[in-house]
Amino acid sequence: MHYDVIVLGSINLDVKALVTSYPRRGDTATARSITMLPGGKGSNQAVAAAKLGGKVAMLGAVGEDGAGKQMLDNLSDWGVDTQFVMRNGNEGTGTFIVQVDQTSENTMVGTLGANDTITAAEVDTALDQMEAPVLLMQLETSRESVLAALKAGRRKGMYIILDPAPADGFFPEALAYADCVTPNQQETERITGIHVTDKVEAVKAAKAIAGIGPKTVIVKLGADGSVVLHEGEIYEIDSVKVHALDSVCAGDVFAGALAVNYAQHGDFLKAVNFANKAAAIKVSRVGNHQVFPTLADMS
């Protein structure tokens, strides 16, 4: 089957708490609200790409539990093909607890659950049945599945975009297969050891990452935009200024938008600007998949 984008990644239930400030160790705090939402970096990116007009397939795993059914129904509701999502009877659906403070910054803790059980054989079997110009990935599934998808994507001639998140899931071998890597500041430091505080340091880090393998590197600097190393040239991309309300999922919206726009139009720098605008729209809205931008929002 042919798609614009294939996403290998995590599918989670997120328990999201809006807090005035993060509680200190040992404290008990009352949240302004607590909601249960569909999440996982893979799921988020797949929905973002689908809402922006892409034909998207999800490759991942959930548990044989109520949360798993909810997550699959949600993906289908947004137009994502879920036939390649495995159901695991031995592990529950991944679950993360997210705290968002008044500055819109967030912290997360959770368990990967079924996401961590995907095997290389399952990835190979699925990708043998799928075609797409772009393969979008993160590091929130088993290392075995990540490596299998990277190798299969390379064999099939797909353009591989790797969002190296979360930072503690990074392993250097992944960079040998990716065409484009999109780290934020924390992930950039995890990969290179360079503490990125400005665009000068971001350029150094992008060149260091490109020296390992990927030809294109996007170092994301949040409100300060991003630095792009593409085809040997450095580009500084300004952010779209908005009133920030909720930064959760902004990076995932960026990745999904980048993947689908590049898959459909083939102009990488325009795809980066498209992704910046999509992420900015998300930051200006409180919520999850229901507030991700559509193509109509991008006009």
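Keep in mind that this is a model prediction, so the values were computed, not measured. (Residues numbered from 1 in each chain as written. Predicted model: local features only at pLDDT ≥ 70, side-chain atom pairs only at ≥ 80, totals over all residues. Heavy atoms only, no water.)

Asks: Looking at this structure, how should I read helix 5 (residues 185–192)?
Replies: Working note: α-helix, 3.6 residues per turn, so residues spaced by three or four point in the same direction. Among the residues of helix 5, those classed as buried are Glu 187, Thr 188 and Ile 191. Relative to the axis of helix 5, the buried residues are bounded by an arc of 105 degrees and lie together on one face. Buried residues belonging to helix 5 abut helix 6 (199–210) and strand 11 (216–220). The backbone nitrogen of Gln 186 lies 3.1 Å from a side-chain oxygen of the residue at the head of helix 5, namely Asn 184. Looking one or two places after helix 5, you find Gly 193, whose phi comes out positive at around 80 degrees. (Buried < 20%, exposed > 50% of the residue type's maximum accessible area, 1.4 Å probe, protein only. Helix = DSSP H or I, 4+ residues; strand = E, 2+ residues; numbered from the N terminus. Arc of directions from axis to C-beta. Contact = heavy atoms within 4.5 Å. Polar contact = N/O pair within 3.5 Å; in protein donor to acceptor, adjacent residues only side chain to side chain.)

Asks: Looking at this structure, how should I read the pattern of salt bridges?
Replies: Pairing of side chains with opposite charge becomes possible as their charged atoms draw close. Counted under the stated rule, the structure contains 11 salt bridges. Here Glu 201 makes a salt bridge to Lys 204, at a shortest N to O gap of 3.4 Å. Of the two residues, Glu 201 and Lys 204 both sit in helix 6, three residues apart, roughly one turn of that helix. Salt bridges sharing common partners tie together Lys 16, Asp 246 and Lys 282. (Salt bridge = Lys/Arg side-chain N within 4 Å of Asp/Glu carboxyl O.)

Asks: Just checking my understanding: could you explain the UniProt feature "binding site: ATP" (unreviewed entry) in the protein chain for this structure?
Replies: Here, the residues flagged by UniProt with the feature "binding site: ATP" (unreviewed entry) are Asn 184, Lys 220, Leu 221, Gly 222, Ala 223, Asp 224, Gly 225, Gly 251, Asp 252 and Asn 276. Tracing the backbone shows Lys 220 in strand 11. Filtering out sequence-adjacent residues up to four positions away, Lys 220 remains in contact with Asp 163, Thr 182, Pro 183, Asn 184, Gln 185, Gly 225, Ser 226, Gly 251 and Phe 254. Among the polar contacts made by the side chain of Lys 220, one reaches the main-chain carbonyl oxygen of Thr 182 at a distance of 3.3 Å. With respect to the element layout, Gly 225 can be found in the loop between strand 11 and strand 12 (226–230). Excluding its chain neighbours within four sequence positions, the residues that come into contact with Gly 225 are Val 219, Lys 220, Ile 237, Asp 238 and Ser 239. (UniProt positions renumbered as here; feature names shortened; annotations may be inferred.)

Asks: Looking at this structure, I do not really get the sheet that holds strand 7 (residues 106–111). What am I missing?
Replies: Within a sheet, adjacent strands bond to each other through the backbone by hydrogen bonds, running parallel or antiparallel. Here we have four strands laid out as an open sheet, ordered 3-2-6-7, and mixed in their pairing. The sheet terminates laterally at strand 3 (33–39) and strand 7, the two strands that pair on one side only. Along the sheet, successive strands turn relative to each other by an average axial angle of 20 degrees, direction set aside. Both strand 2 (residues 12–18) and strand 3 contribute to a ladder of seven bridges, which runs antiparallel. Paired with Lys 16 across the two strands is Thr 35, which belongs to strand 3. (Pairing = 2+ DSSP bridges. Axes fitted to C-alpha atoms, helices over the stretch in contact; angles between N-to-C directions.)

Asks: Mind showing me how you'd approach helix 2 (residues 66–77) here?
Replies: A rise of 1.5 Å per residue sets the reference length of helix 2, with its 12 residues, at 16 Å; its end C-alpha atoms lie 16 Å apart and thus fit the reference within 8%. Listing the buried residues of helix 2 in full gives Ala 67, Gly 68, Met 71, Leu 72, Asn 74 and Leu 75. Viewed along the axis of helix 2, the buried residues span an arc of 160 degrees, placing them on a single side of the element. The secondary structure elements touched by the buried residues of helix 2 are strand 2, strand 3, helix 1 (41–51), strand 4 (56–63) and strand 5 (81–88). (Expected span 1.5 Å × (residues − 1).)

Asks: For this particular structure, what's the right way to read the pairing of strand 8 (residues 134–137)?
Replies: Two faces, one strand: in a regular strand the side chains alternate between the faces of the sheet. In strand 8, alternate side chains face the same way, and those of Val 134 and Leu 136 on one face and Leu 135 and Met 137 on the other are all buried. For strand 8 and strand 9 (residues 159–162), the ladder comprises four bridges, and the chain directions are parallel. Bridge pairing links Met 137 to Leu 162 in strand 9. Assessed by its sense of winding, the connection that carries the chain from strand 8 through helix 4 (residues 143–155) to strand 9 is right-handed. (Right-handed = clockwise from strand over helix to strand, strands pointing away.)

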